[in-house]
Each structure stands twice: as structure tokens, then as C-alpha cells.
Amino acid sequence: MEELEAVLDTLAAEDLDGFLAPQLLDRTTLLVRARNRLDAELTRTVRRADVVQAAEHDGLRSMSSWLRGHVRLSAGEVRRLIGNGRAVEQLPAVAAAFASGAVSADQVAVMAPVAVTEVQAEAVGQGVDLAAVEATLAEVAATQPFAQLRRVVAYYLARLDPDGPEPDPTEGRSLTLSRLLDGRVTGRFELDAVGGEKVVAALESIVQADRPKGDLRSRAQRLGDALVQAADNLLATGGLPTLRTVKPHVIVTVPVEDLVHPSTGPATAETGFGTTISAARARWLACDGTIGRVILGPEGTPLDVGRTHRVVPPHLRRATEQRDRKCVFAACGAPTHWCDVHHLVHWIDGGDTSLENSALLCERHHTKVHHGFRVERSPDGRWRTYRPDGTEILLAEPLLAAH
């Protein structure tokens, strides 16, 4: 192990700035193989520690808890590591390919269901040559793209039980959401094939409809925006089930002095689900929302609940949609049902709630406008967009057909 540490120290000390592209690619290939071999040794070691209950030495009942507590692995990584250790014991050809670095821990995890006792028993009962199947899987893993290995494993498992009952798709669906300290939401979901196809189709339709010129967002960012847009659309239609006797909507509580003050006001407003946001973000949400007044006593006790007031009434929204037809930010064109009605002069600063002071903006560009960008309607009815430095975003002239 000391020699291994010394080799890693030598590798870390190498200056990569002088490496040419072929050298960098060769180095990457060798490092992936080396990582696979290290993962194989880690898997073998953890499996042996699991079998002999080594975690008891440190007062813990399982290697799963030891790995989470002592070396701080994630729960998902622990499950994969323990599962791979059990799988390679039943799949010697895969174990050999893993030990040689030809396949990765991710690939072993894909093949692990083949090693389950019930699956192997079913295969033996049908006269399947397990050694041949395993050899084929190891070869596919070592020579074919990762997605192809998934398909081969799924095909094999399906062929073992072609007449089995169709599983209930809802049993395989899960969604876990966690809120970070800064209010962001992260999560993990797993869907059955058909449910996943529905979600992908819905998000992809929004992604493909929102491809403005010069869009530099990554694929992941576009899908994230599409998910938020889908939620916006659902909330806007009013067709969702009631939540605590009222239609679901975004609730923000902010002191009136922070709402009217032009500063950013970080961590001054609170959403209905307990997230803290800035006063600037609250003002952005209030552009096309409903304002409700609640007066609190010195101990936070509500003393008076005033009538709610819709900042942009329905008839004004319809008129704005009729006039603008789409998001007015340069080169966007998002449809009206994706858009908020933005006050050109903020209503909290004395701006009128009127057609002349309104503009349709999609969520992404509404955010941009509240962070330095500006839209303005010229006397000829054309919308112009300006960057924070005051320069106008101009669209390229259309190419003329050659004569």
C-alpha cells in the first residue's frame, strides 16, 4: 500500500501543461483502467470485510454503516459497493474483467441483477448456460458502449421470464427532494419505462420550443428550466388539486419596508415551504402576482388581514398577451402562457398597472430584467432589449437569397 501511495504521489506531481493531446488521451485511458482495478480491489476487500463482519471491530453492525461513517461514502455508493461485491462472487468472468481494469464499477452494477440467486436459479431451471451468458456480458461490457450493456442485460432478464406478470409501474416510481441551506432544491427520481417516457416527452417539448438565438445553456440547464416551466404552466391553469383548501400557488412573506426598498435585501423573504429568498426576488415574483396584507403585532400575532389585490388583473393580462403575443426579450419568442406580465416601471416604485407599463417576459428573461437587463417599447411599437451596460441587443440582419 505504501508503494501504491508513492505511485499516486508521483502521478499527482506530474506537470500536465507540457503534455500534447495524444499524451493526455493515453494518460486518461491508463488512469481509467487503473481506477477500475482499484475499484475491483476495493470491492473485493469490502466484500471480505462484510463476510467476516469486520465492522464489529469498530462497534458497528454492518459494513454499510462503517463505510458511511468512517470513510464518508454516500448511501448510493455504499449500496453499489456492497452489491458489486456480492455480484462478482457469482460472476467469475466479470470479476476477472473487473480486476484487469477492462470493466468499471458502474458496469458491474448494471450486470449485478444477473447474479441474484432467484435469477440464477430460474436460468438453471431453463437450462441456460450461465458461463456463456456471463462471458458474453463481460465481453459486451469491455467492448460496447455503456447503453448497449444496459440493453443486453434487460433483454436477458426479460427473456428469462417472458410470460411473467407485468409489474405495477407505480411500484418502481420514486422521487426524493431535499432542500439545501441556500434554499435550492436537489433530488433524485426513478421512473418506470413508460412513466419516464412521458416525463421526457413533456420536458423535451418545452426544451425544443425554447431555443433562442445565442442560447449558451447546457443541456442540463435547459431541462431544469423546462421542469420549472412545466410547474409554472400547471400552476397557471388552476387545474391542480387544492392544497390545504386553496389552489396551489407560490406564497412569499416579506416585510413591507423590504418590499418597497430598492436594495437586494438578501434573506429577507420567506416562501410557503420555508425557503428564505431575497427581497429582490420577492419583488420579481410580485410583478404578476396577488398581494395580500397581513398586519402583525409586536409578538408576531396577526392583528388584521386585509383584502388581497391582484397586481395584474385578468383583463390587463389578456390585453398584454394580445399585443405582445410572446416574450418580448430579444430573440426569445416564448409563448404567452410561459410569460409573466412585467411592470416596466415597478409598481412598488409608482409604476402604473396599465397596458403601457406592461410587457410579457418568460421566467428566464423576467429574471434577466430584474438583474440589470432592460426592455423598452419604442413609439413605433417595436420592443428593444438592452444589456446592463446600456448597449442594445440587436438581431442579425436576415440573409438575402442569392440572385
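Structure: above.
Below or above, wherever it landed, is the structure these notes cover.

Conventions used here
- Residues numbered from 1 in each chain as written.
- Predicted model: local features only at pLDDT ≥ 70, side-chain atom pairs only at ≥ 80, totals over all residues.
- Heavy atoms only, no water.
- Core = buried A, V, L, I, M, F, W, Y, C linked by side-chain atoms within 4.5 Å.
- Buried < 20%, exposed > 50% of the residue type's maximum accessible area, 1.4 Å probe, protein only.
- Helix = DSSP H or I, 4+ residues; strand = E, 2+ residues; numbered from the N terminus.
- Contact = heavy atoms within 4.5 Å.
- 1 Å grid on protein atoms, 1.4 Å probe; cavity = no way out; pocket = protein on both sides within 12 Å on 5 of 7 lines; lining within 4 Å.
- Points joined across faces, edges and corners; volume = space filled by probe spheres on them.
- Nonpolar A, V, L, I, M, F, W, Y, C, P; charged D, E, K, R; others polar.
- Pairing = 2+ DSSP bridges.
- Arc of directions from axis to C-beta.
- Expected span 1.5 Å × (residues − 1).
- Axes fitted to C-alpha atoms, helices over the stretch in contact; angles between N-to-C directions.
- Parallel < 35°, antiparallel > 145°, perpendicular 65-115°, else oblique.
- Left-handed = near helix turned anticlockwise from the far one by under 90°.
- Phe/Tyr/Trp six-rings, centres within 6.5 Å; stacked < 30°, edge-to-face > 60°.
- Lys NZ or Arg CZ within 6 Å of the ring centre and 35° of its normal.

Some words on the nonpolar core
In a soluble, globular protein the nonpolar side chains are often hidden away together inside. In terms of nonpolar packing, the biggest core is built from 26 residues, with F98, M111, L149 and V153 touching the most fellow members. Of all the elements in the fold, those that place two or more residues in this core are α4 (75-90), α5 (92-100), α6 (105-111), α7 (117-125), α8 (130-143) and α9 (146-160). Counting residues per element, this core draws most heavily on α8, which supplies five residues. Setting aside its immediate chain neighbours within four residues, L149 contacts Q107, V110, M111, L137, V140 and A141. L203, L316, V341 and L361 belong to the second-largest nonpolar core, a separate cluster that totals 20 residues.

Points about empty space enclosed by the protein
In the structure shown here, the tally under the stated rule is one cavity of 30 Å³ or more. Reported here for the largest cavity is a volume of approximately 110 Å³. The wall of the largest cavity is formed by I206, V207, D210, R217, R222, D225, A226, Q229, W338, C362, E363 and R364. The greatest single-element share of the lining of the largest cavity, amounting to four residues, is contributed by helix α11 (residues 219-237). In the lining of the largest cavity, the residues fall into five nonpolar, one polar and six charged.

Observations regarding the pairing of strand β11 (residues 358-362)
Within β11, five of the five residues are buried, which leaves the element mostly enclosed by the surrounding structure. What you see with β11 is no split at all: S358, L360 and C362 on one side and A359 and L361 on the other are buried throughout. Where strand β10 (residues 339-343) meets β11, five bridges bridge the pair, whose relative direction is antiparallel. Bridged to H343 within β11 is S358.

Examining α5
All of the buried residues along α5 are V94, A97 and F98. Mapping the buried residues of α5 onto a view down its axis gives an arc of 100°, with all of them on the same face. Turning to α5, the residues buried within the fold contact α2 (21-51), α4, α6 and α8. Phi for G101, located one or two positions after α5, is positive at around 90°.

Remarks on the environment of L394
The topology assignment puts L394 in the segment after β13 (383-386). Sequence separation between L394 and A331 is 63 residues, and the spatial gap between their C-alpha atoms is 9.0 Å.

What to know about α4
Compared with the 22 Å implied by 1.5 Å per residue over 16 residues, the 23 Å span of α4 between its first and last C-alpha is a close match. Within the span of α4, buried status applies to V78, L81, I82, N84, G85, A87 and V88. Close packing links the buried residues of α4 with α2, α3 (63-70), α5 and α6.

Digging into the sheet that holds strand β3 (residues 252-253)
With antiparallel pairing, three strands are arranged side by side in an open sheet as β3-β4-β5. On the outer flanks of this sheet lie β3 and β5 (276-277), each paired with one strand and no other. Here strand β4 (residues 269-271) runs beside β5; their pairing, made up of two bridges, is antiparallel. Following the sheet pairing, A269 is matched in β5 by I277.

So, the packing of α8 against α9
Close contact between α8 and α9 brings their axes to 9 Å; oriented N to C, the two are set at 160°. Compared by their axis directions, α8 and α9 come out roughly antiparallel. Seen from above, α8 lies across α9 with right-handed handedness. Across the interface between the two elements, L130, V133, L137, V140 and A141 from α8 touch Q148, L149, V152, V153 and Y156 from α9. The residue makeup of the contact of α8 with α9, split by class, is nine nonpolar, one polar and no charged.

Section: the environment of V185
Summarising the element assignment, V185 is placed in strand β2 (residues 185-190). Residues V185 and T275, spaced 90 residues apart in sequence, show a C-alpha to C-alpha distance of 9.6 Å. Those residues in contact with V185 that sit more than four places away from it in its chain are L177, S178 and R179.

Some details on the packing of aromatic side chains
All told, the structure shown has one aromatic pair when counted by the stated rule. Relative to F373, the ring of F329 has its centre 5.8 Å away and its plane inclined at 55°; by these criteria the two rings are tilted. One end of the pair, F329, is in the loop between α14 (314-324) and β10; the other, F373, is in the loop between α15 (363-369) and β12 (374-377), with 44 residues separating them in the sequence. Given the relative accessible area of 7%, F329 is considered buried. The positively charged end of R374 is found above the aromatic ring belonging to Y386, 4.3 Å away from the centroid.

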